[in-house]
Amino acid sequence: MQRDSIRKAFDQQAATYDEQWRQLAPLNQALHLLMGSVFSDLPADAHFLCVGAGTGAELRFLADNFPHWHFTVVEPSAAMLEVCRGHADKAGFAERCSFHRDYLESLADSADFHGASALLVSQFILQREARVGFFRDIARRLRPGGILASSDLSFDRESATYEKLLEVWFRMMRGAGDIPPGELERIRSAYGRDVAVLPPAEVEAMIESGGFQPPTPFYQAGLIRGWYAARSPQGQ
Ligand SMILES: C[S@@+](CC[C@H](N)C(=O)[O-])C[C@H]1O[C@@H](n2cnc3c(N)ncnc32)[C@H](O)[C@@H]1O
């Protein structure tokens, strides 16, 4: 999707996003739980970069579990960021956050962060070079050895099992709540067109080309995969 369409799409979803995901929360909870362990060796006062924070699901988890971390929260959709800021205010950790309502490249290039997350974000970047550039923009803001946790929809859509898994994935979504008629068909055709659902090996290669050591897969649930990777020594 083009950047303007992405912003617009998430601006429109912001008010209902948390409710839409509420029934699928166990998927997020497992991802966050494992991600917390990925980052548990970071310093108690770490600086953390949360890219594509949306309404702040992973931010809330990390802020709860790492009470002295400082967060830079990057989110291009103003409406998503406002919901996120509201949650941070309510939960009392907003003063540990700096909010950046834009894409990452306009954030000062400080190489200051001990860790970063980008959960369900890079999949919206359709061109390979731009997606590698997204990971590179994160890598060069990390300290040497800094760690990224990233998740995306990822599967080999040419494989014989793709349609089978997709059927289960959509059954889960249908079971999760009120989905307007036609919405699942719209989502199905968006996979591969507006959302770059690529085989895991291709996503791993892009993370590595973006300046990281070979990523370690740490999570898989249905179509969602998660990896973590340390910045490679030359990841600038
Ligand atoms: C599917 S939501 C995920 C939100 C959150 N990370 C979560 O797991 O709940 C994707 C978010 O990434 C943001 N986004 C899309 N493309 C982005 C990009 N290139 N850089 C930063 N954020 C982006 C969108 O505005 C949206 O809020």
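Quick word on the packing of aromatic side chains
Thinking step 1. Applying the stated rule across the entire model yields 12 aromatic pairs.
Thinking step 2. Judged by centre distance (5.5 Å) and plane angle (75 degrees), the rings of F134 and F135 are edge-to-face.
Thinking step 3. Considering the side-chain rings of F218 and Y228, the 6.1 Å spacing of their centres and the 50 degrees angle between planes classify their relative orientation as tilted. Here the residue F218 occupies a position in strand β6 (residues 216-221), and Y228 occupies one in strand β7 (residues 224-230), the gap between them amounting to 10 residues.
Thinking step 4. A relative accessible area of 14% means that F218 is categorised as buried.
Thinking step 5. Residue class for Y228 comes out partly exposed when judged on its relative accessible area of 29%.
Thinking step 6. Of the aromatic side chains, those joined through ring pairs into one cluster are F39, F48, F66, W69 and F71.
Thinking step 7. The lysine or arginine in question, R3, covers the ring of Y103, its NZ or CZ lying 3.8 Å from the ring centre.
Thinking step 8. R85 extends its terminal NZ or CZ atom over the ring of F99, reaching a point 4.7 Å from the ring centre.

Details of helix α1 (residues 3-22)
It helps to recall that an α-helix has 3.6 residues per turn; residues three or four apart then point in one direction.
Thinking step 1. The end-to-end C-alpha separation of α1 is 26 Å, in line with the 28 Å expected for 20 residues at 1.5 Å each.
Thinking step 2. In the structure, α1 departs most strongly from a straight axis at A14, where the bend amounts to approximately 70 degrees.
Thinking step 3. What α1 keeps buried is the set I6, A9, F10, A14 and Y17.

Quick notes on the nonpolar core
Thinking step 1. In this structure, F39, W69, F71, L153, Y191 and L223 are the most contacted members of the largest nonpolar core, which totals 52 residues.
Thinking step 2. For this core, the element with the most residues is helix α6 (residues 162-175), which contributes 6 residues.
Thinking step 3. Setting aside its immediate chain neighbours within four residues, W69 contacts F39, L42, P43, A44, D45, A46, F48, L62 and R96.
Thinking step 4. Core analysis: the second largest hydrophobic core is formed by 23 residues, F113, V132, L142 and V203 among them.

Some points on the sheet that holds β6
Thinking step 1. With mixed pairing, 7 strands are arranged side by side in an open sheet as β3-β2-β1-β4-β5-β7-β6. Looking at which strands have only one partner, the edges of the open sheet turn out to be β3 (97-100) and β6. Direction aside, neighbouring strands of the sheet carry axes that sit 15 degrees apart on average.
Thinking step 2. In terms of strand pairing, strand β2 (residues 70-74) meets β3 through 4 bridges, oriented parallel. Its bridge partner being in β3, F71 is matched across the sheet by C97.
Thinking step 3. Sitting on the sheet, helix α2 (residues 25-38) is in contact with β4 (113-119), β5 (142-153), β6 and β7, with an inclination near 165 degrees to β6.

Details of the pattern of salt bridges
Thinking step 1. The full count for this structure, using the stated rule, is 14 salt bridges.
Thinking step 2. The residue D194 makes a salt bridge to R193 at a minimum N-O spacing of 3.0 Å.
Thinking step 3. According to the relative accessible area criterion, R193 is partly exposed, its value standing at 45%.
Thinking step 4. Ionic contacts of the salt-bridge type, sharing partners, join the residues E163, E167, R171, E185 and R188 into one network.

Points about the environment of A46
Thinking step 1. Residue position: A46 is located in the loop between α2 and β1 (47-51).
Thinking step 2. Along the chain, A46 and E19 lie 27 residues apart, while their C-alpha atoms are 31 Å from each other.
Thinking step 3. In this view, A46 contacts W69, H70 and H114; residues no more than four positions away in its chain are not counted.

Overview of the packing of helix α5 (residues 128-139) against helix α8 (residues 200-209)
Thinking step 1. Interaxial distance between α5 and α8 falls to 7 Å at its minimum, and their mutual angle equals 55 degrees. By the angle between their axes, α5 is oblique relative to α8. Read as a crossing pair, α5 and α8 show a hand that is right-handed. Note on element contacts: α8 touches α5 through V203, A205, M206, I207 and S209, opposite R128, R131, V132, F135 and R136.

Parameters and conventions
- Residues numbered from 1 in each chain as written.
- Predicted model: local features only at pLDDT ≥ 70, side-chain atom pairs only at ≥ 80, totals over all residues.
- Heavy atoms only, no water.
- Phe/Tyr/Trp six-rings, centres within 6.5 Å; stacked < 30°, edge-to-face > 60°.
- Helix = DSSP H or I, 4+ residues; strand = E, 2+ residues; numbered from the N terminus.
- Buried < 20%, exposed > 50% of the residue type's maximum accessible area, 1.4 Å probe, protein only.
- Lys NZ or Arg CZ within 6 Å of the ring centre and 35° of its normal.
- Expected span 1.5 Å × (residues − 1).
- Bend = angle between axes of the 7 residues up to and from the residue.
- Core = buried A, V, L, I, M, F, W, Y, C linked by side-chain atoms within 4.5 Å.
- Contact = heavy atoms within 4.5 Å.
- Pairing = 2+ DSSP bridges.
- Axes fitted to C-alpha atoms, helices over the stretch in contact; angles between N-to-C directions.
- Salt bridge = Lys/Arg side-chain N within 4 Å of Asp/Glu carboxyl O.
- Parallel < 35°, antiparallel > 145°, perpendicular 65-115°, else oblique.
- Left-handed = near helix turned anticlockwise from the far one by under 90°.

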